[in-house]
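# Overview (structure and organization)
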Number of protein chains: 2
Amino acid sequence: MKLSPSIEALIEALRCLPGVGPKSAQRMTLTLLERDREGAALLAQALTTALERVGRCQRCRNFTELPVCEICADPRRDQALLCVVETPADVMAIEHSGSYRGVFFVLMGHLSPIDGIGPEEIGLTELASRFHEGDLAEVILATNPTVEGETTAYYIAQQARSAGVTISKIAHGVPLGGELEFTDATTLAHALSGRTRVAEQ
Amino acid sequence: MKLSPSIEALIEALRCLPGVGPKSAQRMTLTLLERDREGAALLAQALTTALERVGRCQRCRNFTELPVCEICADPRRDQALLCVVETPADVMAIEHSGSYRGVFFVLMGHLSPIDGIGPEEIGLTELASRFHEGDLAEVILATNPTVEGETTAYYIAQQARSAGVTISKIAHGVPLGGELEFTDATTLAHALSGRTRVAEQ
């Protein structure tokens, strides 16, 4: 059956969203046209505005509408404490925890030579020059605990060490509220090797 | 953490899509901004175009860019055979089966008094006037086999009967490729009560 061309075009365009296949795209299109034309108009507007306004922070590479993002520009933030993460979503997660008052550096990915992503593509040259500026007290590595994330962390640790910067890594272990029985073997291995001594009372 | 306002607005706007919660909306926003700005621009354009151009067919209420949709306007279609369905997605599914050459009437919903959806809202007045035009040989009811769908079908059948139009209903039973063992009880009950006699050889 030939659908009306602008419906076909919308179904096709919705498939650029992650996790949306042909069936979901069709359902989204029909729902928008049938019941939420106002929402669809708002979405079109929000997409255009975001594309126009959102760029990268000159300091930390995170998304922002300003030349330097709000976190980097915040005088109450400890500029000597730098947390390196892979994506803006990781920044949000850490901010959400409410327990970090330093600044970030967002790689926007991880080293992946097979996909042509080397140190240059994830901003490691800029990061290295930050190390050499000499005003960093500590660099916290918070890349994902995957092979690529660990490799990236190792590479950055080498750079930081050669610049004489203190390096740390966030703890990996059994999540709070998690049960040992249902924790995977690798996480348990990390939890064991990262055990801390209990102070005597 | 305060996100940049146009990113917040985009996350919020994406939630008008069915099946998209706050986490998916955030992931979609970051992916679009990070890796698919071109796709996002196309999506904004496709939404605007579809909203401008897509309206309802004057005959069958289905989505179309024309006053009368391609199916209703097709001279090779049997205009005396009318299939009543709930949504445009049902039209697509039946068209996809390739075994129907009549026309459609799209209710865009089903009777649901609790949500304020009465006969007027799903076009039953227009449908009744089609019945009384007198050029219909058969009306096939293909609403969903849910309580609301069945109620709607019953209501339409009453209307058609009073206008003297032949009514039929699509068969419900064990789907092809389905196994009896894994077919639910209601479907099996339908399959049994709708059994057909096997011709003697």
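Keep in mind that this is a model prediction, so the values were computed, not measured.

## Here we look at the packing of helix α2 (residues 22-35) of chain A against helix α5 (residues 88-97) of chain B
Here α2 of chain A crosses α5 of chain B at 140°, and the two axes come no closer than 10 Å. Comparing their axes, α5 of chain B and α2 of chain A come out oblique. Of the residues in α5 of chain B, those touching α2 of chain A at Gln-26, Leu-30 and Glu-34 of chain A are Pro-88, Ala-89 and Met-92 of chain B. In the contact of α2 of chain A with α5 of chain B, the residues fall into 4 nonpolar, 1 polar and 1 charged.

## Some words on the environment of Glu-8 of chain B
Residue and element names in this part refer to chain B. Its location among the elements puts Glu-8 in helix α1 (residues 5-14). Note on Glu-8: relative accessible area 36%, which makes it partly exposed. Separated by 18 residues in the primary sequence, Glu-8 and Gln-26 place their C-alpha atoms 8.6 Å from one another.

## Some remarks on the relation of the copies chain A and chain B
Relative to chain B, chain A is turned by 179° and slid 0.0 Å along the rotation axis, the superposed coordinates differing by an RMSD of 0.1 Å. Here the copies are linked by what is in effect a two-fold axis. Relative to the rotation axis, the C-alpha of Ala-44 of chain A is the closest in chain A, positioned 2.1 Å from it. A high fraction, 100%, of the interface residues of chain A reappear at the interface in chain B, so the copies pair face to face through one surface.

## So, the UniProt feature "zinc finger region: C4-type" (unreviewed entry) in chain A
Sequence positions flagged by UniProt for "zinc finger region: C4-type" (unreviewed entry) are, in local numbering, residues 57-72 of chain A. Annotated as residues 57-72 of chain A, this span is 19% helix and 12% strand, and its ends, taken at the C-alpha atoms, are 8 Å apart.

## Things to note about the domain arrangement of chain A
For chain A, the assigned domains are domain 1 (5-53) and domain 2 (63-169). Computed over C-alpha atoms only, the centres of domain 1 of chain A and domain 2 of chain A are separated by 34 Å.

## Observations regarding the pattern of salt bridges
Residues and elements named next belong to chain A. One pass over the structure, following the stated rule, counts 10 salt bridges over all chains. Asp-74 serves as the salt-bridge partner of Arg-76, at 3.2 Å between the closest nitrogen and oxygen. Residue Asp-74 is classed as buried on the basis of its relative accessible area, which comes to 14%.

## Structural notes on the interface of chain A and chain B
On the side of chain B, 52 residues touch chain A, which itself brings 52 residues to the contact. Here chain A packs against chain B, burying approximately 4700 Å² in sum over the two surfaces, 75% of which is carbon and sulfur. At the junction of chain A and chain B, the tally comes to 0 salt bridges. Taken together, the connections running from chain A to chain B amount to 8 residue pairs in polar contact (both at pLDDT 80 or more). When residues of the side of chain A that touches chain B are assigned to their parent elements, the largest contribution, 14 residues, is made by helix α3 (residues 37-53) of chain A. Classifying every residue of the side of chain A that touches chain B by side-chain character gives 33 nonpolar, 9 polar and 10 charged.

## Focus on the sheet that holds strand β5 (residues 138-141) of chain A
All names here are of chain A. The 4 strands lie next to each other as β4-β3-β5-β6, forming an open sheet whose pairing is parallel. The sheet is open, and its two edges are formed by β4 (102-106) and β6 (166-169), each paired on a single side. Neighbour-to-neighbour, the strand axes of this sheet turn through a mean angle of 30°, independent of strand direction. Across 4 bridges, β5 lies against β6 in parallel orientation. Note that in β6 the partner of Leu-141 across the bridge is Lys-169.

## Here we look at the UniProt feature "domain: Toprim" (unreviewed entry) in chain A
Cross-referencing UniProt, the feature "domain: Toprim" (unreviewed entry) maps to residues 80-175 of chain A in the present numbering. Note that residues 80-175 of chain A is 38% helix and 20% strand, and that its end C-alpha atoms are spaced 28 Å apart.

## Topic: empty space enclosed by the protein
Residue and element names in this part refer to chain A. This model, assessed by the stated rule, comprises 1 cavity of 30 Å³ or more. Size it by volume and the largest cavity reaches roughly 30 Å³. Looking at the largest cavity, the residues that line it are Leu-141, Ala-142, Thr-143, Glu-150, Ala-153, Lys-169 and His-172. Partitioned by chemical class, the residues of the lining of the largest cavity number 3 nonpolar, 2 polar and 2 charged.

Reading the values: rules and limits
- Residues numbered from 1 in each chain as written.
- Chains lettered and ligands numbered in written order.
- Predicted model: local features only at pLDDT ≥ 70, side-chain atom pairs only at ≥ 80, totals over all residues.
- Heavy atoms only, no water.
- Axes fitted to C-alpha atoms, helices over the stretch in contact; angles between N-to-C directions.
- Helix = DSSP H or I, 4+ residues; strand = E, 2+ residues; numbered from the N terminus.
- Parallel < 35°, antiparallel > 145°, perpendicular 65-115°, else oblique.
- Contact = heavy atoms within 4.5 Å.
- Nonpolar A, V, L, I, M, F, W, Y, C, P; charged D, E, K, R; others polar.
- Buried < 20%, exposed > 50% of the residue type's maximum accessible area, 1.4 Å probe, protein only.
- Least-squares fit on C-alpha atoms with pLDDT ≥ 70 in both.
- UniProt positions renumbered as here; feature names shortened; annotations may be inferred.
- Domains from an automatic or database assignment.
- Salt bridge = Lys/Arg side-chain N within 4 Å of Asp/Glu carboxyl O.
- Buried area = accessible area lost by both parts, 1.4 Å probe.
- Polar contact = N/O pair within 3.5 Å; in protein donor to acceptor, adjacent residues only side chain to side chain.
- Pairing = 2+ DSSP bridges.
- 1 Å grid on protein atoms, 1.4 Å probe; cavity = no way out; pocket = protein on both sides within 12 Å on 5 of 7 lines; lining within 4 Å.
- Points joined across faces, edges and corners; volume = space filled by probe spheres on them.

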